[in-house]
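The residues making up each chain are set out below.
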Amino acid sequence: MLWNRSRWKPSVIHCALAVFFAVGFSLRLYAAHFPNLIHPDAIFQTLEPAHRLAYGYGVITWEWREGVRSWVFPAFLAAIMRATAWMGPGSSGYLWGISAVLSLLSLVTIWFGYLWAKRVSGIEAAVIAAGACAVWYDLVIFGPSTLTGVVAAHALLPGLYLGKYGERIPEGRRMLLAGLLLGLALSLRVELAPAIGFALLYFCYPNWRQRALPLACGFLLPVLVFGLVDAFTWSYPFQSFIKYVWVNAFEARSALYGTQPWYWYFLVLTEQMFPLFVLALFGLRRSQFLGWFALIVLVSHSMIGHKEIRFIYSVFPIVVTLAAIGLMEIVRYFTSKSKNPALVRNATIVSALTFCCLLSYWSIPLFPYWQKNAVGIAAFNRLSRDPAVCGVADYELWYSIGGYAHLHRDIPILLIANEHILRTEESAYNALLAKRSGFTSTMGFKPAECWPNGCLYTRPGPCAPPAKRYEINTVLRKIGE
């Protein structure tokens, strides 16, 4: 039996939610501009094509040469770029704009945790789930990123809630909205297909006749939009879907970037979220659907050799929510005969939120991408505000550079892997990004700033026209990247 909800005044609940949303937004916006690169895909698969749409130039990787990616999400980012460029010099304006918009979208994890936990376990679990989703480091760091899998999860979560609950909305409209959000999530992250398929079947049961049609219509709408965009931007409808599945499932292109054993995701979840993972197991009693959905995501992704923690981002808010529910299950079991349940309730909420904050703070240094490849992002952000820069050379660091989305200057970026060529081409660039410190030159390069994994060197003076064979898009085309 749930504790008495009448003890909670609506004003107190609304105030707590406002605090959680404010804290969550602030943390995400800060994390977005703390120099780190979660993965090169966050730049080269989304920001770079968006910059090409908005400003006409950008880095082109093999996926965009072969039509493996959809233009829908980059077009969304390009619109934000054009609308928010005025907010700061260089690339800082639209990068802040993109971070703010995506941070706002990521707050859906707080909304989801609160409503789902409230529905199945009461207001105490809801407050804990909302607070934990606001501060949990995986959600904070990934939330504002431009990775399509992360954005897909932010469409997925409200779709799951509307499909399962949300009875205040007429059923037909609710199923339509749920299907639309699930279709959008699938279009952004096709690997979610098994879990989304399970959710669609679950939502239809037992009222197939009333629910199937609006659910299918909503689901197909974004899928068809993505297909039509492919028809206009590539060669035929759904080209990006078909080629993406083909190159990864049949050509095993993703396996070239490393593989992990089948149990890797379960191991990582246990290592990074062990206390919450254990509590989530107790929460399954009240929300088996979320448990099955998360399990299908994990199992289906475990069957793919190339594994990265970002691929299962959608599981994190589910685990946090189930952990809040599981905690209240344990507390209720041990305090069912308490003479002062209100005191226990309040102490539990305060203790749980404090624990989540401390655990999240202590765990951030263990996050594999924290402060990773900061040199490329920070250096290009700095150069975007330097009107004197006329050419940039990258020495063995191309995966970590910020691309034109961070540089925001239509100047050559040279990729050079040979130290002899680096010196013979010195006249073609006046900014250099290199792994090591102590670089010496004959043209007056001096260190402008250094980071743990590299340094930025600059020199005064103009740049000579570079040899085209060293420009970034020419090099990438030659090496097949």
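All of these numbers come straight from a predicted model, not from anything done at the bench.

> Lay out the overall build of the protein with the relevant residues and their values.
Secondary structure summary: the protein contains 21 helices and five strands in total. What you see for the protein is a C-alpha radius of gyration of 24 Å, in line with the 23 Å of a compact globule of 481 residues. Within the span of the protein, comprising 481 residues, buried residues form 56% of the whole. The long-range share in the protein, meaning contacts at least 24 apart out of those at least 6 apart in sequence, stands at 72%. Carbon together with sulfur atoms contributes 65% to the accessible area of the protein, which is approximately 21100 Å² in total.

> Tell me about the confidence of the model for the protein, and name the residues and values.
Summarising the model, the protein shows a mean pLDDT of 88, and 93% of its residues fall at 70 or more. Below a pLDDT of 50 lies the segment residues 1–6, which in the model reaches 16 contacts outside its immediate sequence neighbourhood of four places, other chains included.

> Give me the lowdown on helix 15 (residues 288–302), citing residues and values where you can.
Between its terminal C-alpha atoms helix 15 stretches 21 Å, which fits the 21 Å expected from 15 residues at 1.5 Å a residue. Taken together, the buried positions of helix 15 are Phe-289, Leu-290, Gly-291, Phe-293, Ala-294, Val-297, Leu-298, Ser-300, His-301 and Ser-302. Contacts from the buried residues of helix 15 go to helix 6 (108–121), helix 9 (148–164), helix 11 (193–204), helix 14 (264–283) and helix 16 (315–334).

> With reference to specific residues and values, describe the nonpolar core.
One finds Trp-116, Leu-160, Leu-182, Ile-196 and Phe-380 to be the most contacted residues of the largest nonpolar core, which totals 136 residues. The element contributing the most residues to this core is helix 16, with 12 residues. When near neighbours in sequence (up to four residues on either side) are disregarded, Phe-380 contacts Val-392, Ile-401, Gly-402, Gly-403, His-406, Leu-407, Ile-413 and Leu-433.

> Kindly report on the sheet that holds strand 2 (residues 413–416), identifying the contributing residues and their values.
Taken in spatial order, the five strands make up an open sheet running 2-1-3-5-4, and their pairing is mixed. The outermost strands of the open sheet, each flanked by one partner alone, are strand 2 and strand 4 (446–451). Between one strand and the next, the sheet's axes are offset by a mean angle of 20°, whatever the strand orientation. Across five bridges, strand 4 lies against strand 5 (residues 454–458) in antiparallel orientation. Residue Lys-446 lies in a different strand from strand 5, and its bridge partner there is Thr-458.

> Before we move on, could you go through the packing of helix 10 (residues 171–188) against helix 12 (residues 208–233) and cite the residues and values that matter?
Between helix 10 and helix 12, the shortest axis-to-axis distance is 7 Å and the interhelical angle comes to 35°. Crossing of helix 10 over helix 12 shows right-handed handedness. Looking at side-chain class alone, the contact of helix 10 with helix 12 contains 16 nonpolar, six polar and three charged residues.

> Account for helix 6, with residues named and values stated.
Helical periodicity: at 3.6 residues per turn, an α-helix aligns residues three or four positions apart in one direction. Between its first and last C-alpha atoms helix 6 spans 19 Å; for 14 residues at 1.5 Å apiece the expected length is 20 Å, and the two agree. Summarising burial for helix 6: 10 of the 14 residues are buried, a large majority. Taken as a whole, helix 6 has its buried residues at Val-108, Thr-109, Ile-110, Phe-112, Gly-113, Tyr-114, Trp-116, Ala-117, Val-120 and Ser-121. Looking one or two residues beyond helix 6, the residue adopting positive phi is Gly-122, at roughly 105°.

> Give me the state of the cysteines: which residues, what numbers.
Considering all chains together, one arrives at two disulfides under this definition. The side chain of Cys-390 participates in a disulfide bridge whose partner is Cys-463; the two sulfur atoms lie 1.9 Å from each other. Measuring the twist about the S-S bond at about 75°, one finds the Cys-390-Cys-463 disulfide to be right-handed. In this pair, Cys-390 is assigned in the loop between helix 18 (374–383) and strand 1 (392–395) and Cys-463 in the loop between strand 5 and helix 21 (472–479), connecting sequence segments 73 residues apart. Among the residues examined, Cys-390 registers a relative accessible area of 21% and is labelled partly exposed. Accessibility expressed as a relative area gives 22% for Cys-463, which makes it partly exposed. Two residues share a disulfide in this structure: Cys-450 and Cys-455, whose sulfurs sit 2.0 Å from each other. A torsion of 110° about the S-S bond marks the disulfide between Cys-450 and Cys-455 as right-handed. Look at Cys-455 and you get buried, because its relative accessible area is 3%. Bonded cysteines in the protein are paired 1-4, 2-3 when counted in the order they occur along the chain.

Analysis parameters
Residues numbered from 1 in each chain as written. Predicted model: local features only at pLDDT ≥ 70, side-chain atom pairs only at ≥ 80, totals over all residues. Heavy atoms only, no water. Helix = DSSP H or I, 4+ residues; strand = E, 2+ residues; numbered from the N terminus. Rg over C-alpha atoms; globule rule 2.2 N^0.38 Å. Buried < 20%, exposed > 50% of the residue type's maximum accessible area, 1.4 Å probe, protein only. Contact = heavy atoms within 4.5 Å. Areas by Shrake-Rupley, 256 points an atom, 1.4 Å probe, with all protein chains shown as cover. pLDDT = per-residue confidence, 0-100. Expected span 1.5 Å × (residues − 1). Core = buried A, V, L, I, M, F, W, Y, C linked by side-chain atoms within 4.5 Å. Pairing = 2+ DSSP bridges. Axes fitted to C-alpha atoms, helices over the stretch in contact; angles between N-to-C directions. Left-handed = near helix turned anticlockwise from the far one by under 90°. Nonpolar A, V, L, I, M, F, W, Y, C, P; charged D, E, K, R; others polar. Disulfide = S-S within 2.5 Å.

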